[in-house]
Amino acid sequence: MIIREIKPEDTEAYMELVQKIDQETEFMLAEPGERVRTPATVRKIIQELKNYPNQTIFLAEQSGFLLGYLVAHGSKFIRKQHSGFLAIGVLKAFHNKGIGTKLFEAMDEWAIKNKLRRIELGVIVTNENAIHLYKKMGFKIEGTRKDSVRINGKYIDEYMMAKIY
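Residues numbered from 1 in each chain as written. Predicted model: local features only at pLDDT ≥ 70, side-chain atom pairs only at ≥ 80, totals over all residues. Heavy atoms only, no water.

Asks: So what exactly am I meant to see when it comes to the layout of surface pockets here?
Replies: Gaps between atoms show up when a probe of the same size as a water molecule is rolled over them. There is about 200 Å³ of room inside the second largest pocket. In terms of lining, the second largest pocket is formed by 14 residues, of which the most central are E5, I46, L49, K50 and T56. Looking at the lining of the second largest pocket residue by residue, the classes come out as seven nonpolar, four polar and three charged. (1 Å grid on protein atoms, 1.4 Å probe; cavity = no way out; pocket = protein on both sides within 12 Å on 5 of 7 lines; lining within 4 Å. Points joined across faces, edges and corners; volume = space filled by probe spheres on them. Nonpolar A, V, L, I, M, F, W, Y, C, P; charged D, E, K, R; others polar.)

Right, dumping it as structure tokens:
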């Protein structure tokens, strides 16, 4: 398995991966089918990533097949350019195989190289596997957002977690 940054030619495979992960879990922010973007729009986003040192997308790939992703999105505002917000997704069939850890390790190297000071994320409080991974990778819970997410008509709290370099 390799971890690498996304390229424009990954557009369709990446869109398919995100769609599959959205369908497999309730822990992602988007509902299945809610991310409505054209391949041209996503390709443009990917191409523009290189213009911002605080933004990237990492892919986990095995034998030409995408297994997971990690998106780090930084602010364009000067006062927040030292930080990034991330989202991660791994296909259910590949959970607990070290893919999330490897994606975070690549992100850590990238964050240090690009002089990011802070990486943050939000996670639903019932997503115990993800919380365990984030803590293992050095993230700390900074607070709880009450009733932050609504899934199947039920309001659920979300932890805000961050890692300082």
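Asks: Honestly, helix α3 (residues 99-113) in this entry has me stumped. Any pointers?
Replies: Counting along an α-helix, one turn takes 3.6 residues, and residues three or four places apart therefore face a common direction. In this model, α3 (15 residues) spans 21 Å end to end at C-alpha, consistent with the 21 Å of a helix rising 1.5 Å per residue. Listed as buried for α3 are I99, G100, T101, L103, F104, A106, M107, D108, W110 and A111. Two residues or fewer past α3, K115 is found with a positive phi of approximately 60 degrees. (Helix = DSSP H or I, 4+ residues; strand = E, 2+ residues; numbered from the N terminus. Expected span 1.5 Å × (residues − 1). Buried < 20%, exposed > 50% of the residue type's maximum accessible area, 1.4 Å probe, protein only.)

Asks: Before we go on, may I ask you to explain the packing of aromatic side chains in this structure?
Replies: Aromatic ring pairs: the centre-centre distance and the angle between the two ring planes describe each pair. The tally for this structure, following the rule as stated, stands at six aromatic pairs. With a centroid separation of 5.7 Å and an interplanar angle of 85 degrees, the aromatic rings of Y14 and Y69 are classed as edge-to-face. With Y14 in helix α1 (residues 11-24) and Y69 in strand β3 (residues 65-74), this pair connects stretches of sequence that are 55 residues apart. You can call Y14 buried: its relative accessible area is 11%. Using a relative accessible area of 3% as the deciding quantity, one classes Y69 as buried. (Phe/Tyr/Trp six-rings, centres within 6.5 Å; stacked < 30°, edge-to-face > 60°.)

Asks: How should the pattern of salt bridges be read in this particular structure?
Replies: If charged atoms from side chains of opposite charge come close, those side chains can pair. Enumeration according to the criterion identifies ten salt bridges in this entry. The shortest N-O distance in the salt bridge between R118 and E120 comes to 2.6 Å. E120 matches R118 in its accessibility class, with the two residues each being buried. Linking R118 and E142 is a salt bridge whose minimum nitrogen-to-oxygen distance equals 2.5 Å. Here R118 is found in strand β5 (residues 118-124), whereas its partner E142 is found in strand β6 (residues 140-151), with 24 residues between them in sequence. Given a relative accessible area of 18%, R118 falls into the buried group. A residue is classified by how much of its surface remains accessible, and E142, at 47% relative accessible area, is partly exposed. Connected through shared salt-bridge partners, R4, D10 and E61 make up one network. (Salt bridge = Lys/Arg side-chain N within 4 Å of Asp/Glu carboxyl O.)

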